[in-house]
Amino acid sequence: MPLYDYRCETCGDFEVWRKLVELKIPMVCPSCDAGVKRIFSVPNVNLNSGYFPAASKPSSKPRLVKRKSREASQPKSQASKCNRPWMIGHAAERL
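Fair warning: this is a prediction, and the values are worked out from it, not measured in the lab.

Caption draft 1: Here's a closer look at the overall build of the protein chain. Looking only at helices and strands, the protein chain has 1 helix and 3 strands in total. Helices and strands in the protein chain line up, N terminus first, as β-β-β-α. Sequence separation of at least 24 residues holds for 22% of the intrachain contacts in the protein chain that already meet a minimum separation of 6. Working note: accessible area of the protein chain is about 9,700 Å², and carbon and sulfur atoms make up 55% of it.

Spelled out as structure tokens, the structure:
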């Protein structure tokens, strides 16, 4: 059952839980029994409902992240012994 917002000219805004089949039935103000208009409001959506457990449980200490040391490695491409290594026919493997 959705919650609808209504506005009375004399009493102000109020909310009412109504069934969808009752939507076309005119609503009256519960205080002064005058006719009211339905107003549209932004829905209340909670985006943090358990999908982000780290944000909901703050720890007292920050998490320590250690990085593995990287040793100097050989470059992936080695210089060719030919004069023109960029040409297909002059690659060292084909000579």
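Caption draft 2: Region of the structure containing the environment of Ala34. In this structure, Ala34 sits in the loop between strand E2 (12-17) and strand E3 (37-39). Sequence separation between Ala34 and Cys11 is 23 residues; the distance between their C-alpha atoms is 9.4 Å.

Caption draft 3: Spotlight on the environment of Asp33. Note on placement: Asp33 falls in the loop between E2 and E3. The spatial distance from the C-alpha of Asp33 to the C-alpha of Cys8 is 9.5 Å, given a sequence separation of 25 residues.

Caption draft 4: Fine view of the pattern of salt bridges. One pass over the full model with this rule turns up 1 salt bridge. Across the pair Asp13 and Arg7 runs a salt bridge whose closest N-O atoms are separated by 2.7 Å. According to the relative accessible area criterion, Arg7 is partly exposed, its value standing at 41%.

Caption draft 5: Examining unusual backbone geometry more closely. Despite not being glycine, Asp33 has its phi angle at roughly 55°, a positive value. With a relative accessible area of 60%, Asp33 lands in the exposed category.

Caption draft 6: Representation of the side chain of Asp5. When you line up the elements, Asp5 lands in strand E1 (residues 3-8). Within the buried core, Asp5 has no salt-bridge partner, and the shortest N-O distance to an opposite charge, that of Arg38, equals 8.0 Å. Reaching out from Asp5, the side chain makes a polar contact with the side chain of Ser41 at a distance of 2.5 Å.

Caption draft 7: Looking closely at the sheet that holds E1. Taking strand neighbours across the sheet as the criterion, the 3 strands line up as E2-E1-E3 in an open arrangement whose pairing is antiparallel. The open sheet has two free edges, formed respectively by E2 and E3, since each of these has just one partner strand. In this sheet, neighbouring strand axes are inclined to one another by 40° on average, regardless of whether the strands run parallel or antiparallel. Inspection of the sheet shows E1 paired to E2 by 6 bridges, in the antiparallel sense. Opposite Tyr6, over in E2, you have Phe14 as the bridge partner.

Caption draft 8: Summary view of the nonpolar core. Counting residues in hydrophobic clusters, the biggest one holds 8 residues: Tyr4, Tyr6, Cys8, Phe14, Val16, Met27, Cys29 and Val36. A total of 3 residues in this core trace back to one element, the largest contributor, which is E1. Here Cys29 is in contact with Cys8, Cys11, Phe14, Ala34 and Val36, once residues within four sequence places are set aside.

Cut-off values and rules
Residues numbered from 1 in each chain as written. Predicted model: local features only at pLDDT ≥ 70, side-chain atom pairs only at ≥ 80, totals over all residues. Heavy atoms only, no water. Helix = DSSP H or I, 4+ residues; strand = E, 2+ residues; numbered from the N terminus. Contact = heavy atoms within 4.5 Å. Areas by Shrake-Rupley, 256 points an atom, 1.4 Å probe, with all protein chains shown as cover. Salt bridge = Lys/Arg side-chain N within 4 Å of Asp/Glu carboxyl O. Buried < 20%, exposed > 50% of the residue type's maximum accessible area, 1.4 Å probe, protein only. Lys, Arg positive; Asp, Glu negative; His and termini not counted. Polar contact = N/O pair within 3.5 Å; in protein donor to acceptor, adjacent residues only side chain to side chain. Pairing = 2+ DSSP bridges. Axes fitted to C-alpha atoms, helices over the stretch in contact; angles between N-to-C directions. Core = buried A, V, L, I, M, F, W, Y, C linked by side-chain atoms within 4.5 Å.

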